[in-house]
Amino acid sequence: MNGNGHRLFFGRVMHKRLFPKRNRFSYKVYYLAFPLSQTGTLPIARNRFAPLSFYDRDHGRCDGSSLEGWARGILAGYNIKEADGEIRLVCMPRVLGYVFNPVSFWLCYDKQESLRAVLCEVHNTFGERHTYLCAHENHRPVTPQDVLRGRKLFHVSPSLKREGHYEFRFDAHGEKLGIWIDFFYGGGKRQLVTSLTGSLEPMNAGTLRKAFWLRPLVTFKAIVLIHWQALRLLAKGVEYFPKPRQNREHVSATDNLAKMRSSDSAEI
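In this text the structure is predicted, and so the values were computed from the model without any measurement.

Glancing now at the overall build of the chain. Helices and strands together make up the secondary structure of the chain, namely three helices and 14 strands. Scaling as 2.2 N^0.38, a compact globule of 268 residues should have a C-alpha radius of gyration of about 18 Å, and the chain matches this with 18 Å. For the chain, the C-alpha atoms occupy an extent of roughly 50 × 45 × 35 Å along the three principal directions. Per-residue burial for the chain yields a buried fraction of 52% across its 268 residues. A sequence separation of at least 24 residues applies to 61% of the contacts in the chain between residues at least 6 apart. In the structure as shown, the chain presents an accessible area of about 12300 Å², 52% of it carried by carbon and sulfur atoms. Distance from the positive charge centre (40 side chains) to the negative charge centre (24 side chains) of the chain: 9 Å.

What follows is about the sheet that holds strand S12 (residues 176-185). Sheets are built from strands that pair by backbone hydrogen bonding, the pairs being arranged parallel or antiparallel. What the 11 strands build is an open sheet, ordered S10-S11-S12-S13-S1-S2-S5-S7-S8-S9-S14; its pairing is mixed. In the strand order of this sheet, the two ends are held by strand S10 (148-151) and strand S14 (251-253), each with one partner. With strand direction ignored, the average angle separating the axes of adjacent strands in the sheet is 20°.

Right, let's talk about the pattern of salt bridges for a bit. Summed over all chains, the structure comprises 10 salt bridges. Across the salt bridge formed by Lys 243 and Glu 128, the nearest N and O atoms sit 2.8 Å from each other. Taken as a pair, Lys 243 in the loop between helix H3 (218-235) and S14 and Glu 128 in the loop between strand S8 (115-123) and strand S9 (129-134) lie far apart in primary sequence, 115 residues in all. For Lys 243, a relative accessible area of 31% gives the class partly exposed. The salt bridge partner of Asp 146 is Arg 140, with a shortest N-O separation of 3.3 Å. Asp 146 gets classed as buried once you look at its relative accessible area, which sits at 11%.

Moving on, we come to the environment of Leu 160. Take Leu 160: it is sitting in the loop between S10 and strand S11 (165-171). For Leu 160, the residues in contact, after removing those within four places along its chain, are Arg 17, Lys 152, His 155, Phe 183, Gln 191, Leu 192 and Phe 241.

Another aspect to go through is the packing of aromatic side chains. Using the criterion set out here, one finds 13 aromatic pairs in the structure. Centre to centre, the rings of Tyr 98 and Phe 220 are 4.8 Å apart; their planes meet at 25°, and the pair counts as stacked. One end of the pair, Tyr 98, is in the loop between strand S6 (94-95) and strand S7 (103-109); the other, Phe 220, is in helix H3, and 122 residues separate them in sequence. Taking relative accessible area as the criterion, Phe 220 reaches 29% and is therefore assigned partly exposed. Note on Phe 168 and Phe 170: the rings are 6.3 Å apart at their centroids and 10° apart in plane angle, and the pair reads as stacked. One exposure class covers both Phe 168 and Phe 170, and it is buried. These aromatic residues form a ring-pair network of at least three members: Tyr 132, Tyr 166, Phe 168, Phe 170, Phe 183 and Tyr 185. Across the ring face of Trp 180, the terminal group of Arg 169 is positioned such that the distance to the ring centre comes to 4.1 Å.

For S7, the buried fraction is high: seven of the seven residues fall into the buried class. On S7, burial covers both faces: Val 103, Phe 105, Leu 107 and Tyr 109 on one face and Ser 104, Trp 106 and Cys 108 on the other are all buried. Where S7 lies against S8, seven bridges are found, and the strand directions are antiparallel. Following the sheet pairing, Tyr 109 is matched in S8 by Leu 115. Two successive antiparallel strands, S7 and S8, enclose a turn made up of five residues, where Glu 113 displays a positive phi of approximately 70°.

Looking now at a positive patch on the surface. Where like charges cluster on the molecular surface, the positive patch consists of Arg 12, Arg 24, Lys 28 and Lys 221. Mapped onto the secondary structure, Lys 221 falls in helix H3.

Next up on the list: the layout of surface pockets. The rolling of a water-molecule-sized probe over the atoms marks out the regions of remaining empty space. Taken as a whole, the largest pocket spans an internal volume of roughly 1100 Å³. For the largest pocket, the lining is made up of 49 residues, of which His 15, Val 156, Ser 157, Leu 192 and Ile 226 are closest to its centre. Every element with two or more residues in the lining of the largest pocket is listed here: strand S1 (7-17), strand S2 (23-35), S7, S8, S11, S12, strand S13 (189-202) and H3.

Criteria and cut-off values
- Residues numbered from 1 in each chain as written.
- Predicted model: local features only at pLDDT ≥ 70, side-chain atom pairs only at ≥ 80, totals over all residues.
- Heavy atoms only, no water.
- Helix = DSSP H or I, 4+ residues; strand = E, 2+ residues; numbered from the N terminus.
- Rg over C-alpha atoms; globule rule 2.2 N^0.38 Å.
- Buried < 20%, exposed > 50% of the residue type's maximum accessible area, 1.4 Å probe, protein only.
- Contact = heavy atoms within 4.5 Å.
- Areas by Shrake-Rupley, 256 points an atom, 1.4 Å probe, with all protein chains shown as cover.
- Lys, Arg positive; Asp, Glu negative; His and termini not counted.
- Charge placed at Lys NZ, Arg CZ, Asp CG, Glu CD.
- Pairing = 2+ DSSP bridges.
- Axes fitted to C-alpha atoms, helices over the stretch in contact; angles between N-to-C directions.
- Salt bridge = Lys/Arg side-chain N within 4 Å of Asp/Glu carboxyl O.
- Phe/Tyr/Trp six-rings, centres within 6.5 Å; stacked < 30°, edge-to-face > 60°.
- Lys NZ or Arg CZ within 6 Å of the ring centre and 35° of its normal.
- Patch = residues over 30% accessible without salt bridge, like charges linked within 9 Å, V, L, I, M, F, W, Y side chains within 5 Å.
- 1 Å grid on protein atoms, 1.4 Å probe; cavity = no way out; pocket = protein on both sides within 12 Å on 5 of 7 lines; lining within 4 Å.
- Points joined across faces, edges and corners; volume = space filled by probe spheres on them.

As structure tokens, this is what we get:
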């Protein structure tokens, strides 16, 4: 997903749990997808109420400060100088003032428009957040075939312990977008398979109206489905794990890259 311009991403989310009880669901979604350098020209209401809007304070430090500065601070903290091109944020908008972004993706390119890193900004239903930095140890481009592994350090679901690891895969080239995140637990056995796949369209008044009416109240739908699936799992007898105290560190990186963080990295 390189090049210039604002986009709307129309896609489908899929979750499939493999054990101890099988459970699967999927639903249609849409996301904003835009370069941070062009945030000031977004064709959507910014930092004010509207049917569809984008608020800076929903991301990064969550205080309204520079989003690009936050992202580049993390990249600098891990010395990823190769990601010197555009950074694109893929996130849900606010719908009638409400937003819940289970995970937003910051796609970090080099000047040749090759993907060098991805920030996965995760929010849970308890108002907490954590960001996983996905990149290669040698900072080479991230291709659709690459699998990036990182420890699970953030509590999201009460039916999953805060243990194990994720395996991330990204296909963010052209007008298609695919993101796959699998969770492994119990001796390295894959327990959860998730995907977000779809295509991009120019973001304008027409496509924004299309998104609003074709997939209404998408952010409300996301939070309702999260709680509904949690109830379904409890009904199936899946064990409930209370939320542990959040780790002090709010940013972590995929394996090997994690040990390379510089001592003067930016505080988020």
